[in-house]
Structure formats: C-alpha cells, structure tokens
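Geometric and topological summary
Take a look at the letters that make up each chain.
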Amino acid sequence: MESLTQAQQELYDWLIEYIRSTQHAPSIRQMMRAMNLKSPAPIQSRLERLRSKGYIDWTEGKARTIRILRPPAQGIPVLGAIAAGGLVETFTDVEEKLDLSNMFGQRNCFALRVNGDSMIEDLIADGDLVIMRSLAADEPLNNGEIVAARVAGHGTTLKRIYQQGEKITLKPSNAKYQPINIMADQVEVQGILVGVWRGYT
C-alpha cells in the first residue's frame, strides 16, 4: 500500500486503537479532539487520503461507519528461536507475532495468582498467574486436565483432575504433596487452564 504522511499515520493509528477498544467508529468531533484540531477540514482531508490509499473505508451518508481495511497484526513479535543449551544464530527478521488478545480478551477467561509449589512439575510456580477458562454448563471435562477446583469447606486449589464414577482425585504435580480424594458432589470446577503468565520484572 501507498505510504502515509506523519499526520495521516497519526490519525490511522488512533483510529485502529479507538475502534479496537470501543468496537465502533468515532465521530469527526472526537477525531478533532484527539488530533488537537479546531476544524473538521483537516480530519476530512486525512480520512479521504486514508481511504484513497486503501487503509480505511466507510458507508456514504452514514455516520460512524469507518472501518479499518487492513488492520496491522497485533501482539508481541516472535523474532525466532533461542537455545537453552548450545548457541544458535541470533534472530534477525520478525517471523510472526504472538497475539495474546484473544486469550486475555475473552469474557469467559479469568486469572488467578498461584500460591504455593504443588504444580511445579507442570512448570507452574509460586507467584505465576494462571489463565483459566470457565466451562460451559454441558462441556465435558477430560481426566488429567489442570483445573481450578473448589472443594466444599476447604477453598479452591489448582490441580490435575481425575474422575472415576462418583470419586474425584485432585492430583498435584509435586511429589511432596498427596492427592486429594473426594466425592464428586463436593467439588466444583471453576475453570480449566489455558495459559500461564510469569513476569520477571
């Protein structure tokens, strides 16, 4: 696509973020405020240029119908591989992007901070944030899945779950801890593990 001027790029970047975060297009007045302009003419000129260059489009005669035609890839750039053993050639080009927006933006996902080391053999450490997905009412649960399970009278724990008939085993991933054996009606699965977030700063 044809390159943009600095003013066009500024408006285009703002439009991408505004539409992404609000799920609707802004008004001309909102764009004027964002660009610190007192007249709509420069905004309309930039919009026309963005449209002619293929970056945006809208429905004639209708307000707030601007849409981004080619949204940039979102996420953190994945720059290649890094060895944890020997050495590999340093990364050079961006190969792809790691987009976490789907995981963190889902309404049925939530995060819990891990307290303890009972799941350390699954590389889940004390202080990590685990990203959990709520299960649908009729969704089956497979043995061996890592879940947040609420045990009546005891609280919630992160464990691998196994069910045999009416009995549930909540199994830790650390040999120092014993499995929890309990009746199924005493356990409520609050979520299933979909990711782990670990910060180092």
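To keep things clear, this report deals only with the structure shown in the data block. (Residues numbered from 1 in each chain as written. Predicted model: local features only at pLDDT ≥ 70, side-chain atom pairs only at ≥ 80, totals over all residues. Heavy atoms only, no water.)

1. Re the overall build of the protein
Counting its secondary structure elements, the protein contains four helices and 11 strands. When the 201 residues of the protein are sorted by exposure, 27% land in the buried category. Considering only contacts in the protein between residues 6 or more positions apart, those separated by 24 or more positions represent 47%. Here the protein has roughly 13,600 Å² of accessible surface; of this, 50% comes from carbon and sulfur atoms. (Helix = DSSP H or I, 4+ residues; strand = E, 2+ residues; numbered from the N terminus. Buried < 20%, exposed > 50% of the residue type's maximum accessible area, 1.4 Å probe, protein only. Contact = heavy atoms within 4.5 Å. Areas by Shrake-Rupley, 256 points an atom, 1.4 Å probe, with all protein chains shown as cover.)

2. What about the pairing of strand β9 (residues 167–171)?
Of the two faces of β9, only the one carrying Ile168 and Leu170 is buried; Lys167, Thr169 and Lys171 on the other face are not. In the sheet, strand β8 (residues 155–164) pairs with β9 via five bridges, with the strands oriented antiparallel. Bridged to Tyr162 within β9 is Thr169. Turn length for the β8-β9 hairpin, with the two strands adjacent in sequence and antiparallel, is two residues, and the turn residue Gly165 shows positive phi of about 65 degrees. Across four bridges, the pairing between β9 and strand β10 (residues 180–183) is antiparallel. Residue pairing in the sheet places Leu170 in a bridge with Ile180 of β10. (Pairing = 2+ DSSP bridges.)

3. Let's talk about the pattern of salt bridges
Tallied over the full model, the rule gives nine salt bridges. Residues Glu2 and Arg49 are paired through a salt bridge, measuring 4.0 Å at the closest nitrogen-oxygen approach. Note that Glu2 is positioned in the segment before α1 (6–22) and Arg49 in helix α3 (residues 40–52), a separation of 47 residues in sequence. Between Arg51 and Glu60 there is a salt bridge whose closest N-O contact spans 2.6 Å. You can call Arg51 partly exposed: its relative accessible area is 24%. Look at Glu60 and you get exposed, because its relative accessible area is 55%. Through salt bridges that share partners, Arg51, Asp57, Glu60 and Arg67 make up one connected network. (Salt bridge = Lys/Arg side-chain N within 4 Å of Asp/Glu carboxyl O.)

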